[in-house]
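Listed here are the chains, written in short residue letters.
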Amino acid sequence: MCADTFGVGIRLTEEELRFVVRVPSDVDSGWTDPEAFQSLVAETVWDLLDQESVLGAVADRFEAGATVTLGTVTLEPDGTVVSHDLDAPGAEPGDQAK
């Protein structure tokens with residue numbers, strides 16, 4: 001097994017904020033349960049960033065339809081965090097939105 005890097009962000013809709021995980025096309029075969037690894041990625045991100053302040057900042061600074069990039073997290077299928085490059089949203093609207 002080898003580590004994979006997942007991009008993570010928050011997608012704003014009119015009704016909610018959605019945590020999104022971008023999965024590499026060549027993801028390791030050790031990731032057998034998509035729901036489990038997406039949950040693991042989310043748990044890892046919220047262990048590293050303050051969920052309440054991040055979601056509050058996204059809701060306050062960005063418009064519906066935006067996806068705010070938080071960065072990347074690299075995990076092994078057993079849940080080991082290899083590395084991460086995560087940041088809370090920038091202070092200016094549009095800093096990290098796509």
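One can find the structure itself at the top, above this paragraph.
Residues numbered from 1 in each chain as written. Predicted model: local features only at pLDDT ≥ 70, side-chain atom pairs only at ≥ 80, totals over all residues. Heavy atoms only, no water.

**Overview of the pairing of strand β4 (residues 81-86)**
Move 1: Here five bridges tie strand β3 (residues 67-75) to β4, and the two strands are oriented antiparallel to one another. Bridging from a neighbouring strand, Thr-74 pairs with Ser-83 of β4.
Move 2: Following β3, the chain reverses through five residues before pairing antiparallel with β4; Gly-79 in that reversal takes a positive phi of roughly 100 degrees. (Pairing = 2+ DSSP bridges. Helix = DSSP H or I, 4+ residues; strand = E, 2+ residues; numbered from the N terminus.)

**Digging into helix α1 (residues 34-48)**
Move 1: The terminal C-alpha atoms of α1, which comprises 15 residues, lie 21 Å apart, in line with the 21 Å expected from a rise of 1.5 Å per residue.
Move 2: Buried within α1 are the following residues: Phe-37, Val-41, Ala-42, Thr-44, Val-45 and Trp-46. (Expected span 1.5 Å × (residues − 1). Buried < 20%, exposed > 50% of the residue type's maximum accessible area, 1.4 Å probe, protein only.)

**A look at the sheet that holds strand β2 (residues 17-22)**
Move 1: Reading across from one edge, β2-β1-β3-β4 is the order of the four strands in this open sheet, with antiparallel pairing throughout. Every other strand in the sheet has two partners, leaving β2 and β4 as the edge strands with one partner each. Sheet twist, expressed as the average angle between the axes of neighbouring strands with direction ignored, equals 20 degrees.
Move 2: Of the pairings in the sheet, the one linking strand β1 (residues 4-12) to β3 comprises eight bridges and is antiparallel in character. Its bridge partner lying in β3, Arg-11 is registered against Thr-67.
Move 3: Here α1 sits on the sheet and contacts β1, β2, β3 and β4; the angle it forms with β3, its principal contact strand, is near 105 degrees. (Axes fitted to C-alpha atoms, helices over the stretch in contact; angles between N-to-C directions. Contact = heavy atoms within 4.5 Å.)

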